[in-house]
Structure formats: structure tokens, C-alpha cells
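# Structure at a glance
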Amino acid sequence: MDSFNTSAAARIRFVLVGTQHPGNIGAAARALKTMGLAQLVLVQPEKYPHDEAYRRAAGADDLLADAVVTDDVAAAVADCRLVLGCTARSRRVQLEEHSPRQAAARLAQVAGEGPVALLFGRERTGLTNEELQLCHAAVHIDANPDYSSLNLAAAVQVLAYETRLALKDTAPVAVPAADDAGEPRVAPATHAQLEGMFAQLAETLDQIDFHKGRAPESAMRKLRRLFLRTDLDEKEVRLLRGILADTQRMARLAQDGGVNKIVGS
Ligand code: SAH
């Protein structure tokens, strides 16, 4: 049976970040359309709209016409419940790394519950470390170690093909109403919810003087990786933020108390 999970397909977003050559945007649109995918998002494309994009789209103009353009990655993926970043440089980032097949299986599954995104970097320089840090995991297409950088649209094609296969394997499976422990199923946290938690965590660590003069970035990088790896759901994020809010309150009280003591003595 040739089933294709069209509702999940509609929630899978291919995000091209800072694309330099408009031709690659057109070729990426074509790659997506051939695989039955349609969600194209462009983050600060260098030249767009552009004739070359339409020429290379070869009939996938509808995808280009519908493409959403945003100013930054955060805006492109705010509502996404899974964000993966494609990188030609294997193991340079401290992120869990997926093959295209693993990535596609995960995207197809989470797309059952909400929008998901796959990021692609600039032709010359790829994704920045900051952009990769926004991702749950990296995706690397196994390639010649001495020549591992595919053309952008070729990389899109590989991922789009694997995504198509994964969507055929996941013919609309209803998301279970309860988890293994019988608790009602809660959707995975969105990118914006996670970033809100990370901002509060960074603030809290400052308030409790956790870093003690060390650079805060290193601890935050590790903590982000820890939390992004664990697939937090919305309720878990609320619980953690509640703990952070109490910690912040106690830190303020301690500080006020400390100040009063000093003033009073
Ligand atoms: N010179 C850049 C390569 C950019 S290629 C660099 O060193 O990062 C443009 C984009 O295509 C990359 O940012 C990545 O998203 C994707 N890409 C190219 N080759 C890839 C590979 N082997 N695995 C995963 N993504 C790849």
C-alpha cells in the first residue's frame, strides 16, 4: 500500500538560513515538491525574490510563492516541537548527531503533534554555532571525509527523500492519549517555550552566583544540551520554570536579607 502521511508532511518545515544563491532556493523548492513536501521557510536570504530562483524551481513556483521569509531562526521555528540542524562538518558541534534516516524518522513522528523544522546553512559557511545551539540535534549526511560538503539543494534533496520514506512508514498513527504511566499525553515543548526556560535558567544562575567568575556560556551550553536531549514536554517545562521562579524568589529574599543585615549592623 502506498500510503503517505499528508497531515504530518504539512507540518515539516525546511528552513534555509542565509542562502546566498537564489538558484539554490529554487532547486530546494523543486527537491521538496518532488517528495510531496511543501513548507519552505527562508531566513534572511541574500537575494530573494529573484528570477534565478524561479528558473531553477522548474514548476515548483507554488512553493516559492508560499515560502515564508523571516529575520532570524528563532522566528522561523518558534512554534516547532523539534528543530534539527544539517551540518557538513561532522562532530564539530557538541550536539547529538543523527543520520538523515534517523532525523527523518524523528521528524515524521513529532510532526504528528505539531510543526517541526530542519535547518540548512549558508553555502559558504553553513550554520553558525549559535544557530546550531538552537537545535535539538545535528544531522550529518555521511560523505567523503575529505570532501563532505554537498550543494545546499542536494542536501535538501537527501533529507526530503528520507522524510518521504519516513512519512510512508508512519501512516497516520494517532498520538496516544496517555503515556506509559497512564498520565495524559502532553505535547513536546515548543522552541519558544524552551528558549523562555533557558533565558530564565541563565538569569537564575546569575542570581545565585553559580558561575563565580567563570564564563557563563560554557555551563549554559552544557545545560542546553542536557535539556534538549531529554525531549521535555510542556508540563515538564512549566514544572522546571516553577522551580526556577522559587529559586529566584529565594535568591532575592536572601539578597534583601543580606543587605538589611549589613545596613542594620
Ligand atoms: N562550507 C559549509 C558548507 C555549507 S553547504 C560548511 O562548512 O558548513 C550548505 C548547507 O548544506 C550546510 O549548511 C548544510 O545545512 C547542508 N549540507 C551540505 N553538506 C552536508 C552534509 N554532508 N551533511 C549535512 N548537511 C549538509
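Every value quoted in this text rests on a predicted model; they were computed, and no experiment measured them. (Residues numbered from 1 in each chain as written. Predicted model: local features only at pLDDT ≥ 70, side-chain atom pairs only at ≥ 80, totals over all residues. Heavy atoms only, no water.)

## Remarks on the pairing of strand 6 (residues 116-120)
- Burial analysis of strand 6 places five of its five residues in the buried class, the great majority of the element.
- Of the two faces of strand 6, the one lined by V116, L118 and F120 and the one lined by A117 and L119 are each fully buried.
- Inspection of the sheet shows strand 1 (residues 12-17) paired to strand 6 by five bridges, in the parallel sense. In the sheet register, I12 faces strand 6, and the bridge partner there is V116. (Buried < 20%, exposed > 50% of the residue type's maximum accessible area, 1.4 Å probe, protein only. Helix = DSSP H or I, 4+ residues; strand = E, 2+ residues; numbered from the N terminus. Pairing = 2+ DSSP bridges.)

## A word on the domain arrangement of the protein chain
- By the assigned domains, the protein chain splits into domain 1 (6-168) and domain 2 (191-259).
- Taking the mean C-alpha position of each, domain 1 and domain 2 sit 30 Å from one another.
- Opposite the 14 residues of domain 1 that make contact, domain 2 presents 11 residues.
- Interface area for domain 1 against domain 2, summed over the two sides, is near 1,100 Å², with a carbon-plus-sulfur share of 48%.
- Considering only the surface of domain 1 that becomes buried against domain 2, Q94, Q133 and H136 emerge as the three largest contributors, covering 46% of it.
- Where domain 1 packs against domain 2, one counts two salt bridges.
- Measuring nitrogen to oxygen at the nearest pair gives 3.0 Å for the salt bridge that ties E234 to R81.
- Applying the counting criterion to the domain 1 and domain 2 interface returns six residue pairs in polar contact (both at pLDDT 80 or more). (Domains from an automatic or database assignment. Contact = heavy atoms within 4.5 Å. Buried area = accessible area lost by both parts, 1.4 Å probe. Salt bridge = Lys/Arg side-chain N within 4 Å of Asp/Glu carboxyl O. Polar contact = N/O pair within 3.5 Å; in protein donor to acceptor, adjacent residues only side chain to side chain.)

## Overview of the site of the ligand
- Residues in contact with the ligand amount to 19 residues; listed here are only the nearest, C86, R124, I141, S148 and L150.
- Within the backbone of G121, a nitrogen or oxygen atom sits 3.0 Å from an oxygen atom of the ligand.
- Backbone polar atom of I141 to a nitrogen atom of the ligand: 2.8 Å apart, as the coordinates give it.
- Burial of the ligand by the protein chains amounts to 92% of its free accessible area of 540 Å².
- Under a 2 Å grid-point criterion requiring more than half of the atoms, the pocket assigned to the ligand is the second largest pocket.
- For the shell around the ligand, the class distribution of residues is eight nonpolar, seven polar and four charged. (Near = heavy atom within 4 Å. Areas by Shrake-Rupley, 256 points an atom, 1.4 Å probe, with all protein chains shown as cover. 1 Å grid on protein atoms, 1.4 Å probe; cavity = no way out; pocket = protein on both sides within 12 Å on 5 of 7 lines; lining within 4 Å. Sits in = over half its atoms within 2 Å of the grid points. Nonpolar A, V, L, I, M, F, W, Y, C, P; charged D, E, K, R; others polar.)

## As for the side chain of E234
- By the element assignment, E234 lies in helix 11 (residues 234-264).
- In this structure E234 comes out as buried when scored by relative accessible area, which is 19%.

## Some thoughts on helix 8 (residues 152-169)
- When the terminal C-alpha atoms of helix 8 are compared, their 26 Å separation across 18 residues agrees well with the 26 Å that a helix rising 1.5 Å per residue should span.
- Between the side-chain oxygen of the N-cap and the backbone nitrogen of A153 there are 2.9 Å, and the N-cap of helix 8 in question is N151. (Expected span 1.5 Å × (residues − 1).)

## Brief notes about the packing of aromatic side chains
- One pass over the structure, following the stated rule, counts two aromatic pairs.
- Their ring planes at 15 degrees and their centres at 5.7 Å tell us that F14 and F120 sit as a pair that is stacked. Highlighted residues: F14 in strand 1 and F120 in strand 6, separated in sequence by 106 residues.
- By relative accessible area, which is 2% here, F120 ends up buried.
- Above the plane of the ring of F4 lies R164, whose end atom (NZ or CZ) is 4.5 Å from the centre.
- Directly above the aromatic system of F210 lies the positively charged group of R214, at a separation of 5.7 Å from the ring centroid. (Phe/Tyr/Trp six-rings, centres within 6.5 Å; stacked < 30°, edge-to-face > 60°. Lys NZ or Arg CZ within 6 Å of the ring centre and 35° of its normal.)

## Regarding unusual backbone geometry
- In this structure, P49 follows Y48 across a cis peptide bond, with omega equal to -5 degrees.
- Looking at the secondary structure, you find P49 in the loop between strand 2 (39-43) and helix 3 (51-57).
- Its identity as a non-glycine residue notwithstanding, A58 has a phi of 45 degrees, on the positive side.
- In this structure, K212 takes a positive phi of about 45 degrees despite not being glycine.
- Its place among the elements puts K212 in the loop between helix 9 (191-207) and helix 10 (216-229).

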